[in-house]
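# Notes for the structure review
Below are the chains, spelled out letter by letter.
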Amino acid sequence: MKWQLPNIKEKTIPKNFSKWIYLLIFVISFLSYVFFIFIVHNDNDAVFSQFNLIIIFFIITPILFGLSVMGFLYSFFFYDKVDALIFNYYLKNMRINWQIWGQNSINLIDYHYITGIDNVSLKIMRIEGHSPTNPDKVIPISAIRETDSSALFYLFDKILLPMKSKLNMLPSMTILLNTNQEQEVINNALMSYSHLNELNIHQSNITFSNIIPSIDKINDWIDDNSIQNILLINLLFDTENQLQVTEYCCALLFSNDEEILNQSPLKINLFRSINTNLHNLNKDLEYFLDAEQVQREKINQAWTLYLPSPALHNFKATLFDPNSRIKLEPNKFYQLEINLGKLDYSHAWLALSLAAEGIVKEQKGQIIATQNNDSINIMQLSDETAYAPTKEDNLKGYYPIITCLSSLLLLFCICLTMIFSLEETDSEFLMQIGVFSFIAGLFIIGAIIVGTLYQRSSKEDDFIEMWFEEQDKISNSI
């Protein structure tokens, strides 16, 4: 799946023929059959001398023949209608599949962070104190330079110890340790701290990296169908030298284990993010919002990080567009570089922590836009589950019943004509005609049903092929 939907329009449902057309066809068919009887029957006087033959030849059979022809005429409209309905049905379901794909998520069940500003999220959201203003500054975590004990132990006290109960209820987890510090020093400190505080952290579960991953790593976890418990630890600090960016440390605990989620009081849905660029931002953002991970009316706070001016302008233009149905207030749009000084792409994890704090403070849906080189990542999170429309099989009733009945009526008319056009008949011949008619009827019905099912399967394959061809065209044009 891809975020941009092909520009495929629904087919227009054709209009049925006029009732006067059906009446005209019926009259013509009725008279044609009567004329045909006069031509093929050898003894018309014998026919007219028997009342039951008059009823059969000139009333019942012509009516059945007329109804049969009317049914075949209706079938032309029916197949055109079903063709459009099938196309629109597949189009609707493909869009629902796309929406379900877009709404896939993993849960954040705990998070803790530390920066050089105490209660920074509450200050930025203006819940407590004044919003910090530190553009173009580098903000260190001063407390770790002032502590008498280990700086690492101090950081672990802030970001790991508060989630001890959550960590210890997990049967197993993957630990992603990302830091600018030396691996051996960090590993030894983490294991010593975990042993002293009885944390469920084991050396064998740790994956170390000197590079903090991009936040779109979450998409990989979402697409991984296995049961996952993931502890991500980011440590960006230096007690000896000043970094070029603001220091921060955070720990975020993710899970898609239903058993764990049922025990967790905090469940924040992190939905699939979108990666776009400045050129496609406006169009991709509309697709992203149309997936309704969070209902537009419930997007209550926006966080941006490191966005270039044109992208920031376009992002704001969409969120504050009166026609967008988003009711975001201007004072709930937060540019973190204004508050926290010089940042880089790795601070997107901090932005995620701050947005999660917004949800905990009952600020409803959150949207985050961050920059990483030429890529712009946009993510939404909420404590509510996204509700995608359910798929329905609307094609169950669209079987060619009229075509089957018309074919059987025509077969019946042919058999009657054969029987009564012969001078002499016997019971054995009538039995043969009956058996033939029964077998032929079953064959006709079976052939029509099998043909219909094959047609629908073929149309589904053709539609899917067309859909992905159109998506490839979009990808090639980007």
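Parameters at a glance
- Residues numbered from 1 in each chain as written.
- Predicted model: local features only at pLDDT ≥ 70, side-chain atom pairs only at ≥ 80, totals over all residues.
- Heavy atoms only, no water.
- Phe/Tyr/Trp six-rings, centres within 6.5 Å; stacked < 30°, edge-to-face > 60°.
- Helix = DSSP H or I, 4+ residues; strand = E, 2+ residues; numbered from the N terminus.
- Lys NZ or Arg CZ within 6 Å of the ring centre and 35° of its normal.
- Axes fitted to C-alpha atoms, helices over the stretch in contact; angles between N-to-C directions.
- Parallel < 35°, antiparallel > 145°, perpendicular 65-115°, else oblique.
- Left-handed = near helix turned anticlockwise from the far one by under 90°.
- Contact = heavy atoms within 4.5 Å.
- Core = buried A, V, L, I, M, F, W, Y, C linked by side-chain atoms within 4.5 Å.
- Buried < 20%, exposed > 50% of the residue type's maximum accessible area, 1.4 Å probe, protein only.

Here we come to the packing of aromatic side chains. Centre distance and the angle of the planes are the two values used to describe a pair of aromatic rings. One pass over the full model with this rule turns up 20 aromatic pairs. An angle of 45 degrees between the planes, with centres 5.9 Å apart, marks the rings of F320 and F333 as tilted. Of the two residues, F320 is situated in the loop between α12 (309-319) and β9 (333-335) and F333 in strand β9; the sequence distance between them amounts to 13 residues. Taken together, F87, Y89, Y90, F463 and W467 form an aromatic cluster joined through their ring pairs. The ring of F87 carries K11 above its face, with NZ or CZ at 4.9 Å from the centroid.

Interaxial distance between helix α11 (residues 281-290) and α12 falls to 10 Å at its minimum, and their mutual angle equals 40 degrees. By the criterion of interaxial angle, the relationship of α11 to α12 is oblique. Seen along the crossing, α11 lies across α12 with a hand that is right-handed. Contacts from L281, N282, L285, E286 and L289 of α11 reach α12 at A311, N314, F315 and T318.

Turning our attention to the nonpolar core. I218, F254, W349 and L352 are the most contacted members of the largest nonpolar core, which totals 46 residues. Considering every element that reaches this core, the biggest residue donor is helix α14 (residues 348-360), with 9 residues. Membership of the second largest hydrophobic core comes to 39 residues, among which are W98, F288, F315 and F333.

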